[in-house]
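Examining the three-dimensional arrangement
Given next are the chains, with one letter for each unit.
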Amino acid sequence: MANSRVFTESTAASYGPQAGIISKIRLENFMCHSNLQIELGDRVNFVTGQNGSGKSAILTALCIAFGCRAKGTQRATTLKDFIKTGCSYAVVYVEIKNQGEDAFKPDTYGDVIIIERRISESTSSTVLKNHQGKRVASRKEDLRELVEHFNIDVENPCVVMSQDKSREFLHSGNDKDKFKFFFKATLLHQVDDLLQSIREQLEAANSLFGYLLAKPKLICNLVRWRN
């Protein structure tokens with residue numbers, strides 16, 4: 001990262017152990033970075049640098065580490081597009097503090113959780129490791145459970161506001177687009193998805209109930225079998 005700096009403020013002494021706070025990021029062959037490692041403070045961090053120095057790449061890497069799709073970052077269409085030109089793979093390594101009452105499976109991971117996402121030309125994989133660097137899990141469900149526990153939603157525009165997304169929101173005169181932004185930022189889309197799922201289950205249950213009512217002999221046989 002050329003001509004860039006990271007300003008941090010450590011507040012661990014004031015606020016005690018924290019869980020879900022990113023403490024370290026390491027990028028290897030990711031976008032414009034060949035080998036970058038930065039350590040972050042517990043509260044506010046400022047990354048400064050000239051245009052093209054790789055500031056946005058750090059934020060994009062975090063989104064990828066937490067399970068965001070390539071298209072969701074608005075920086076690429078496929079994960080392999082994040083591999084630095086001339087390289088065959090890319091690695092995103094993130095360390096998360098895991099201390100205190102809100103810790104995620106502390107008996108399994110310890111006081112640090114490591115997320116390591118490796119991308120190649122043909123595949124990608126995500127591994128969760130404990131504080132000793134030992135592999136613990138590698139399923140998408142495991143990462144999703146971790147993300148939900150710490151309430152990390154990198155696709156929420158109020159959590160991660162990319163340059164393209166902010167420009168689109170500020171310059172859009174379309175009320176419909178602004179409502180979509182509000183709908184997603186307030187998590188109302190999750191409520192809508194849940195209600196839709198419940199509606200589908202109710203419709204399936206009503207269809208089954210209607211079918212059983214139309215088959216009285218079948219109901220009698222079911223009752224007789226249970227008795």
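This report concerns the structure included in the present document. (Residues numbered from 1 in each chain as written. Predicted model: local features only at pLDDT ≥ 70, side-chain atom pairs only at ≥ 80, totals over all residues. Heavy atoms only, no water.)

Take helix α4 (residues 140-149) next. Those residues of α4 that sit buried are Asp142, Leu143, Leu146 and Val147. Down the axis of α4, the buried side of the element spans an arc of 135°, and every buried residue falls inside it. Away from its buried face by more than 90 degrees, α4 exposes Lys140 and Glu148. Buried residues along α4 sit against α2 (55-65), β6 (112-120), β7 (124-129) and β8 (135-137). One or two steps after α4, the chain reaches asparagine 151, where phi turns positive at roughly 55°. (Buried < 20%, exposed > 50% of the residue type's maximum accessible area, 1.4 Å probe, protein only. Helix = DSSP H or I, 4+ residues; strand = E, 2+ residues; numbered from the N terminus. Arc of directions from axis to C-beta. Contact = heavy atoms within 4.5 Å.)

Spatial strand order, β3-β2-β5-β6-β7-β8: six strands in an open sheet with antiparallel pairing. A strand with exactly one partner marks an edge of an open sheet, and here the two such strands are β3 (33-39) and β8. Sheet twist, expressed as the mean angle between neighbouring strand axes with direction ignored, is 25°. Strands β2 (19-30), β3, β5 (89-98) and β6 of the sheet are contacted by α2, whose axis makes an angle of about 110° with β2. Along the sheet, α4 contacts β6, β7 and β8; its crossing angle with β7, the most-contacted strand, is approximately 55°. (Pairing = 2+ DSSP bridges. Axes fitted to C-alpha atoms, helices over the stretch in contact; angles between N-to-C directions.)

Let us look at the nonpolar core. Counting 40 residues, the largest nonpolar core has Phe30, Phe66 and Ile115 as its most contacted members. Secondary-structure elements contributing two or more residues to this core are β2, β3, α2, β5, β6 and α4. Here this core takes seven residues from α2, the largest share from any one element. Not counting chain neighbours up to four residues away, the residues in contact with phenylalanine 66 comprise Ile22, Ile96, Ile115, Leu143, Val147, Ile152 and Val154. (Core = buried A, V, L, I, M, F, W, Y, C linked by side-chain atoms within 4.5 Å.)

What follows concerns the pattern of salt bridges. Counting across every chain of the model gives six salt bridges. For the salt bridge of glutamate 28 with arginine 26, the shortest nitrogen-to-oxygen distance reads 3.6 Å. Arginine 26 gets classed as partly exposed once you look at its relative accessible area, which sits at 22%. The partner of aspartate 42 in a salt bridge is lysine 97, and the shortest N-O contact between them spans 2.7 Å. (Salt bridge = Lys/Arg side-chain N within 4 Å of Asp/Glu carboxyl O.)

Our next topic: the packing of aromatic side chains. Evaluated as defined, the whole model comprises three aromatic pairs. Summarising the aromatic geometry, the rings of phenylalanine 30 and phenylalanine 82 are spaced 5.3 Å apart at their centres and angled 15° between planes, so their arrangement reads as stacked. Taken together, the residues span a long stretch of sequence, with phenylalanine 30 in strand β2 and phenylalanine 82 in the loop between α2 and β5 at a distance of 52 residues. Accessibility assignment for this pair places phenylalanine 30 and phenylalanine 82 in one class, buried. Across from the ring centre of tyrosine 93, 4.7 Å away, lies the NZ or CZ of arginine 26, which sits over that ring. (Phe/Tyr/Trp six-rings, centres within 6.5 Å; stacked < 30°, edge-to-face > 60°. Lys NZ or Arg CZ within 6 Å of the ring centre and 35° of its normal.)

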